[in-house]
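# Secondary and tertiary structure notes
These are the residues of each chain, in order.
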Amino acid sequence: MRGVTADSPGAAAAAGDGDLGPGHRGPGRRTLEGSRSGRDGAPVPVGPGEVAYVRVLVSVASRHGATREMGAVVAEELRDGGHEVAEVEPEDVERVDGYDAVVLGSAVYVGRLALGLRALVDRQGGQLRARPVWLFWSGPVGDPPVPMTVPDDVTEVARVVDARGVAVFPGRLERRGLDLAERALVALTRAEPGDYRDMEAVRAWAR
């Protein structure tokens, strides 16, 4: 399953049925052309056919590593597009005003974004709103992936940071490494273990 984009405050909705198509709005070079300023405060030059190369923060909260690997794919794609990218854990982000744009990512646990990401938004909400921000989350597993319900705090975080785009991608579930509470939840929901991630969909969204 490809990543599904969703409307969010300040974001352009994806065209069609939500599958990533020509109208999707990921954090790649075309969408970053609208960045407000460069690192020295001067406007980024943009025009027909021009590309604005900017400094981008990619900060992803991931308990077991699967969502972090998605963030690494996003960062790689942005670097390939000529952007300067810093990958920093949410807990280690002290300020975001040194970046021209931000990509936030999180796994969803028990229907909520990871605490580290929510804490980052609480600390830096004002600065995040002052620059382009994209948000992605992972969590649905199985074929077809479930659940596909958007958690309430995804909607709230998107509103607080005025996200330009929001995407959800299927995740990975491995019983190894789960704690007792996570194992109980897996049993309750009858979730099927496996790696359901589509890294090409993640890469396409990042362009």
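Everything discussed here concerns the structure shown above.
Residues numbered from 1 in each chain as written. Predicted model: local features only at pLDDT ≥ 70, side-chain atom pairs only at ≥ 80, totals over all residues. Heavy atoms only, no water.

When helices and strands are tallied, the chain shows 6 helices and 9 strands. Out of the 207 residues in the chain, the part that is buried amounts to 50%. At a minimum sequence separation of 6, the contacts of the chain that also span at least 24 residues come to 75%. Element-wise, carbon and sulfur atoms account for 50% of the exposed surface of the chain, whose accessible area totals about 10,200 Å². (Helix = DSSP H or I, 4+ residues; strand = E, 2+ residues; numbered from the N terminus. Buried < 20%, exposed > 50% of the residue type's maximum accessible area, 1.4 Å probe, protein only. Contact = heavy atoms within 4.5 Å. Areas by Shrake-Rupley, 256 points an atom, 1.4 Å probe, with all protein chains shown as cover.)

The next subject is the pairing of strand β2 (residues 55–61). The buried fraction of β2 is high, at 6 of 7 residues. Between β2 and its parallel partner strand β3 (residues 84–87), the chain crosses via helix α2 (residues 66–80), and the hand of that crossover is right-handed. Alignment of β2 against strand β4 (residues 101–109), held across 6 bridges, turns out to be parallel. Across the sheet, S59 pairs through a bridge with L104, a residue of β4. (Right-handed = clockwise from strand over helix to strand, strands pointing away. Pairing = 2+ DSSP bridges.)

Once that is clear, we can look at α2. End to end, α2 covers 22 Å across 15 residues, agreeing with the expected 21 Å (1.5 Å per residue, within 8%). Taken residue by residue, α2 has A66, T67, M70, G71, V73, V74, A75, E77 and L78 as its buried positions. After α2 finishes, the residue G82 shows a positive phi value of roughly 100°. (Expected span 1.5 Å × (residues − 1).)

The final tally for this structure, using the stated rule, is 12 salt bridges. Its salt-bridge partner being E87, residue R79 comes within 3.0 Å of it at the nearest N-O pair. E87 sits in the partly exposed class, given a relative accessible area of 43%. We note a salt bridge from D153 to R112, for which the minimum N-O separation is 3.6 Å. You can see D153 sitting in helix α4 (residues 152–161) and its partner R112 sitting in strand β5 (residues 112–113), a full 41 residues away along the chain. (Salt bridge = Lys/Arg side-chain N within 4 Å of Asp/Glu carboxyl O.)

Now for the packing of aromatic side chains. Tallying each qualifying case throughout the model produces 3 aromatic pairs. Measuring from centroid to centroid gives 6.1 Å for F136 and F169, while their planes differ by 65°, and the two rings are edge-to-face. With F136 in strand β6 (residues 133–138) and F169 in strand β7 (residues 165–169), this pair connects stretches of sequence that are 33 residues apart. Like F169, F136 is buried. On the basis of an interplanar angle of 65° and a centroid distance of 5.8 Å, the ring pair of F136 and W205 is categorised as edge-to-face. In this pair, F136 is assigned in strand β6 and W205 in helix α6 (residues 199–206), connecting sequence segments 69 residues apart. What makes W205 buried here is its relative accessible area of 0%. (Phe/Tyr/Trp six-rings, centres within 6.5 Å; stacked < 30°, edge-to-face > 60°.)

Let's shift gears to α6. Most of α6 is tucked away: 6 of the 8 residues are buried. Among the residues making up α6, those that are buried are A201, V202, R203, A204, W205 and A206. Taking the backbone nitrogen of E200 as reference, a side-chain oxygen 3.2 Å away marks D198 as the first, capping residue of α6. (Polar contact = N/O pair within 3.5 Å; in protein donor to acceptor, adjacent residues only side chain to side chain.)

In this section: the pairing of β4. Where burial is concerned, most of β4 is hidden: 9 out of the 9 residues are buried. When β4 meets β6, the two strands line up parallel, connected through 6 bridges. Residue pairing in the sheet places S106 in a bridge with W137 of β6.

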